[in-house]
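Here's the letter readout for the chains.
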Amino acid sequence: MNDFQLSIILNNHRELWTGAMITIKITAVSFVIALAIGMVVGIARSRPGFLRWIFTPYVEVFRGTPLLIQLFFIYYALPATGITMDNFMAAYVGIGLCGGAYISEIIRGSLYSVEKGQGEAALSLGFSPVQTMIHVILPQAMRVAIPPLMNAFSAQLKETSLVSVLAINELTRSGQMVYSRTFRPFEIYVAVAILYFVMTFSVSLFSRHLEKMFHVGGRLSADQRV
């Protein structure tokens, strides 16, 4: 192997940095979509009723098929039905829908972790079912959900590498393009790996900060309960 040449990275750092910024943008937008879907589906599936059975096929399909196939279907197959999206929108929708299926299970499990008596106490105090969910159950459930939600965010950040198949110049595709010009895979992919690590490690640090802020893993104080 030839000697490691730092100049290869330095000469192409702007392109790699731009790719990293696009990766962050896709992750942020798709995670907002996934979180919104996950909240709605998770709450619906945590309660008995027809909505639970309506959303179950969505969760099972998106959890049971590869994200890459989902992206191909959304970007290349849906136009045959008259539904056309540009590559960025297809990335947002594909990662968002897939992430939403997983986040819905996180939310559902977190809701189940709240003691049943909490909801019953709120109802006995005159809260409506909606008020009970918003003001009593969800705040406690979200404390439990913080660590797995941050893990889901990190997973989506790394999964954005798959959108390179949609001709989006995110970090992975930017690295491939630089490699095709320089023929120096070692330096380029070391740089790409470091950038991914820095981003995911930053999410990990932020997650720990949130856990300390909301006392995740500790006992609820008296004023945090009904």
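This is a predicted model, so every value here is computed, not measured.

> Talk me through the overall build of the protein; I want residue IDs and the actual numbers.
The number of helices and strands found in the protein is nine helices and zero strands. Each of the three principal axes of the protein carries a C-alpha extent, and together these read 70 × 45 × 25 Å. Here the protein holds 226 residues, and 41% of them are scored as buried. Of the contacts formed within the protein by residues at least 6 apart in sequence, a portion of 78% connects residues at least 24 apart. Summing over all exposed atoms, the protein offers an accessible surface of approximately 12,500 Å²; the carbon and sulfur share of this is 67%.

> Pulling in residues and values, what's your account of the nonpolar core?
Counting residues in hydrophobic clusters, the biggest one holds 32 residues, and the most contacted among them are L16, I103, L111, L157, L171, V192 and Y196. Contributions of two or more residues to this core are made by α1 (6–11), α2 (13–45), α5 (87–113), α7 (129–159), α8 (171–182) and α9 (185–213). Per element, the largest residue contribution to this core is 11 residues, and it comes from α7. The residues contacting L111, other than those within four sequence positions of it, are G42, I43, S46, M133, I137, L138 and A141. Residues V41, A90, I95 and A101 belong to the second largest nonpolar core, which totals 20 residues.

> Kindly report on the packing of α2 against helix α3 (residues 50–64), identifying the contributing residues and their values.
Packed helix pairs are characterised by how far apart their axes lie and by the angle those axes make with each other. Two numbers describe how α2 lies on α3: the axes approach to 8 Å, and their chain directions differ by 130°. Accordingly, the angle class assigned to the pair α2 and α3 is oblique. In this structure, α2 crosses over α3, and the sense of that crossing is left-handed. Each of I37, V40, V41, A44 and R45 in α2 lies in contact with α3, whose residues at this interface are L51, R52, F55, T56, Y58, V59 and E60. Its residues assigned to classes, the contact of α2 with α3 comprises eight nonpolar, one polar and three charged.

> How would you sum up the side chain of Q70? Please name residues and give values.
Mapping Q70 onto the fold places it in helix α4 (residues 67–77). Of the polar contacts made by the side chain of Q70, one reaches the side chain of T65; its length is 2.8 Å. Contacts of Q70, omitting those with residues within four sequence positions, involve V61, F62, T65, G94 and C98.

> Report on the environment of Y112, specifying residues and quantitative values.
Positionally, Y112 belongs in helix α5. The class of Y112 is partly exposed, set by a relative accessible area of 46%. Considered as a pair, Y112 and S46 are 66 residues apart in the sequence and their alpha carbons are 7.4 Å apart. Excluding residues that lie within four positions of it along the chain, Y112 makes contacts with R45, S46 and R52.

> A description of the packing of aromatic side chains should follow, citing residues and the corresponding values.
Enumeration according to the criterion identifies nine aromatic pairs in this entry. Taking 5.8 Å as the distance between ring centres and 85° as the angle between the ring planes, the aromatic pair formed by F4 and F186 counts as edge-to-face. Here the residue F4 occupies a position in the segment before α1, and F186 occupies one in helix α9, the gap between them amounting to 182 residues. We classify F4 as partly exposed; its relative accessible area is 41%. The exposure class assigned to F186 is partly exposed, which follows from its relative accessible area of 42%. Judged by centre distance (5.8 Å) and plane angle (40°), the ring pair of F72 and Y76 falls under tilted. One end of the pair is F72 and the other is Y76, both in helix α4 and four residues apart, which spans about a single turn. On the accessibility criterion, Y76 (48% relative accessible area) is partly exposed. Following the ring pairs from residue to residue traces out a cluster consisting of F72, Y75 and Y76.

> Tell me about α7, and please be specific about residues and values.
Over its 31 residues, α7 runs only 37 Å from end to end, short of the ideal 45 Å by more than 12%, given 1.5 Å per residue. In the structure, α7 departs most strongly from a straight axis at A145, where the bend amounts to approximately 50° and where the proline P147 lies between one and four residues downstream.

> How would you sum up the environment of Q176? Please name residues and give values.
Relative to the helices and strands, Q176 is located in helix α8. Considered as a pair, Q176 and H13 are 163 residues apart in the sequence and their alpha carbons are 13 Å apart.

Definitions and limits used
Residues numbered from 1 in each chain as written. Predicted model: local features only at pLDDT ≥ 70, side-chain atom pairs only at ≥ 80, totals over all residues. Heavy atoms only, no water. Helix = DSSP H or I, 4+ residues; strand = E, 2+ residues; numbered from the N terminus. Buried < 20%, exposed > 50% of the residue type's maximum accessible area, 1.4 Å probe, protein only. Contact = heavy atoms within 4.5 Å. Areas by Shrake-Rupley, 256 points an atom, 1.4 Å probe, with all protein chains shown as cover. Core = buried A, V, L, I, M, F, W, Y, C linked by side-chain atoms within 4.5 Å. Axes fitted to C-alpha atoms, helices over the stretch in contact; angles between N-to-C directions. Parallel < 35°, antiparallel > 145°, perpendicular 65-115°, else oblique. Left-handed = near helix turned anticlockwise from the far one by under 90°. Nonpolar A, V, L, I, M, F, W, Y, C, P; charged D, E, K, R; others polar. Polar contact = N/O pair within 3.5 Å; in protein donor to acceptor, adjacent residues only side chain to side chain. Phe/Tyr/Trp six-rings, centres within 6.5 Å; stacked < 30°, edge-to-face > 60°. Expected span 1.5 Å × (residues − 1). Bend = angle between axes of the 7 residues up to and from the residue.

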